[in-house]
Amino acid sequence: MELPEPELIRQSWREVSRSPLEHGTVLFARLFDLEPDLLPLFQYNCRQFSSPEDCLSSPEFLDHIRKVMLVIDAAVTNVEDLSSLEEYLAGLGRKHRAVGVKLSSFSTVGESLLYMLEKCLGPAFTPATRAAWSQLYGAVVQAMSRGWGGE
């Protein structure tokens, strides 16, 4: 599938990928603000987090943030050939479905991603860059949605 402006995506991601953990934490802090119900899905050793802050500072969760940033990194790297990631993303969808994530929550993740990019890039996050990222993210979620049985 052809995506617009791969250069805009690569350029803006370069900035973010200098400190993925820091920016990934911004993304998830925003996500928990927008959808607090997602917090209980993150449990390690059956331990429930009492607050988003508690979750965002746990080593296991920081590991999850790193993984998420790597997935976005893979999408950016393959922005001109996302079909090469189809199987991987569908598998990722299945994993998320298995732990109780609803597909609808991914639109909130998308909002949080755009928020993080805007925070990181400031004025450089132009409407064209935002549009390019929206399309890229939409394509990633579409591929992941196959893991929920959506074709």
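Right above here is the structure, for reference.
Here the structure is a predicted model, which is why all the values come from computation and not from measurement.

Draft legend 1. Region of the structure containing the pattern of salt bridges. Applying the stated rule across the entire model yields nine salt bridges. Two residues, Arg18 and Glu15, come together in a salt bridge whose shortest N-O distance is 2.9 Å. For Glu15, a relative accessible area of 35% corresponds to the partly exposed category. The partner of Glu118 in a salt bridge is Arg130, and the shortest N-O contact between them spans 3.1 Å. A residue pair is termed long-range when its members are at least 10 positions apart, and Glu118 in helix 6 (residues 105–121) and Arg130 in helix 7 (residues 127–145) qualify at twelve residues. Residue class for Arg130 comes out partly exposed when judged on its relative accessible area of 33%. Among the ionic contacts, a cluster of salt bridges with common partners joins Glu7, Arg10, Arg14 and Glu80.

Draft legend 2. Structural detail: the packing of helix 6 against helix 7. Direction vectors running N to C along helix 6 and helix 7 enclose 150°, while the axes themselves pass 11 Å from each other. As the angle between them shows, helix 6 and helix 7 are arranged roughly antiparallel. Handedness of the helix 6/helix 7 crossing: right-handed. Seen from helix 6, the contacting residues are Phe106, Val109, Gly110, Leu113, Leu114, Leu117 and Glu118; seen from helix 7, they are Arg130, Trp133, Ser134, Tyr137, Val141 and Met144. Its residues assigned to classes, the contact of helix 6 with helix 7 shows nine nonpolar, two polar and two charged.

Criteria and cut-off values
- Residues numbered from 1 in each chain as written.
- Predicted model: local features only at pLDDT ≥ 70, side-chain atom pairs only at ≥ 80, totals over all residues.
- Heavy atoms only, no water.
- Salt bridge = Lys/Arg side-chain N within 4 Å of Asp/Glu carboxyl O.
- Buried < 20%, exposed > 50% of the residue type's maximum accessible area, 1.4 Å probe, protein only.
- Helix = DSSP H or I, 4+ residues; strand = E, 2+ residues; numbered from the N terminus.
- Axes fitted to C-alpha atoms, helices over the stretch in contact; angles between N-to-C directions.
- Parallel < 35°, antiparallel > 145°, perpendicular 65-115°, else oblique.
- Left-handed = near helix turned anticlockwise from the far one by under 90°.
- Contact = heavy atoms within 4.5 Å.
- Nonpolar A, V, L, I, M, F, W, Y, C, P; charged D, E, K, R; others polar.

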